[in-house]
Amino acid sequence: MIKRIVKMTFQPEQVAVFLDIFETSKNRIRQFPGCQHVELLRWSDASNVFFTFSLWDNNAALEEYRQSELFRSTWSKTKVLFSEKPAAWSLELVSEPDEQ
């Protein structure tokens, strides 16, 4: 399983536009083959900084999504709203949390 985190910083006046884009595409992303989970988080210190957190079966599934028309169309609408270059990390679990 791949855990994917993408940090996106938007022009403050474009946040509402981004939220509309995410709202209309989130279910299609969640239904994409190999996607197990997608959620949107906002940084508590800056209202124009968002993170997506997603779970993918493997790198191949994530790459299939990144090459899809769904990604291309969503990303083309989103990237013009940024005020900073986005950052992304693909992570693998190394150690399970201890049970309490």
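Residues numbered from 1 in each chain as written. Predicted model: local features only at pLDDT ≥ 70, side-chain atom pairs only at ≥ 80, totals over all residues. Heavy atoms only, no water.

J.: Can you tell me about the nonpolar core, naming the residues and giving the values?
T.: In globular proteins that are soluble, nonpolar side chains generally tend to be buried together. Grouped together as the largest cluster of nonpolar side chains are 21 residues, with contacts concentrated most on M8, F10, F18, F50, W56 and Y65. Secondary-structure elements contributing two or more residues to this core are β1 (2-9), α1 (15-30), β2 (35-42), β3 (49-56), α2 (59-66) and α3 (69-79). Of the residues forming this core, the biggest block, five residues, is contributed by α1. When sequence neighbours within four positions are dropped, the list of residues in contact with F50 reads V6, K7, M8, F10, V15, F18, L19, L40, L41 and R42. (Core = buried A, V, L, I, M, F, W, Y, C linked by side-chain atoms within 4.5 Å. Buried < 20%, exposed > 50% of the residue type's maximum accessible area, 1.4 Å probe, protein only. Helix = DSSP H or I, 4+ residues; strand = E, 2+ residues; numbered from the N terminus. Contact = heavy atoms within 4.5 Å.)

J.: Explain the packing of aromatic side chains to me, using residue names and the numbers behind them.
T.: According to the stated counting rule, one finds ten aromatic pairs in the structure shown. For the pair F18 and F50, a centre-to-centre distance of 5.4 Å together with 55° between the ring planes defines the contact as tilted. With F18 in helix α1 and F50 in strand β3, the pair connects residues that are 32 residues apart, well separated along the chain. Residues F18 and F50 agree in their burial class; the two are buried. Where F32 meets Y65, the ring centres are 5.4 Å apart and the plane angle is 75°; that geometry is what we call edge-to-face. Of this pair, F32 sits in the loop between α1 and β2 while Y65 sits in helix α2, and the two are 33 residues apart along the sequence. (Phe/Tyr/Trp six-rings, centres within 6.5 Å; stacked < 30°, edge-to-face > 60°.)

J.: Tell me about the sheet that holds β3, and name the residues and values.
T.: With respect to topology, four strands assemble into an open sheet ordered β2-β3-β1-β4, the strand pairing being antiparallel. Because the sheet does not close on itself, it has two edges, and the strands there are β2 and β4 (87-91). In this sheet, adjacent strand axes meet at a mean angle of 15° when their direction is disregarded. Inspection of the sheet shows β1 paired to β4 by five bridges, in the antiparallel sense. (Pairing = 2+ DSSP bridges. Axes fitted to C-alpha atoms, helices over the stretch in contact; angles between N-to-C directions.)

J.: Which residues make up the side chain of S54, and what are the values?
T.: For S54, the position within the fold is in strand β3. Note on S54: relative accessible area 7%, which makes it buried. Side-chain polar atoms of S54 contact the side chain of W56, separated by 2.8 Å. In this structure S54 touches I2, K3, R4, H37 and V38, once residues within four positions along its chain are discounted. (Polar contact = N/O pair within 3.5 Å; in protein donor to acceptor, adjacent residues only side chain to side chain.)

J.: Describe in detail α3, supporting the description with residues and values.
T.: Those residues of α3 lying buried are L70, F71, T74 and T78. An end-on view of α3 places all buried positions within 90° of arc, on one side of the element. Check the buried side of α3 and you find it contacts β1, α1 and α2. (Arc of directions from axis to C-beta.)

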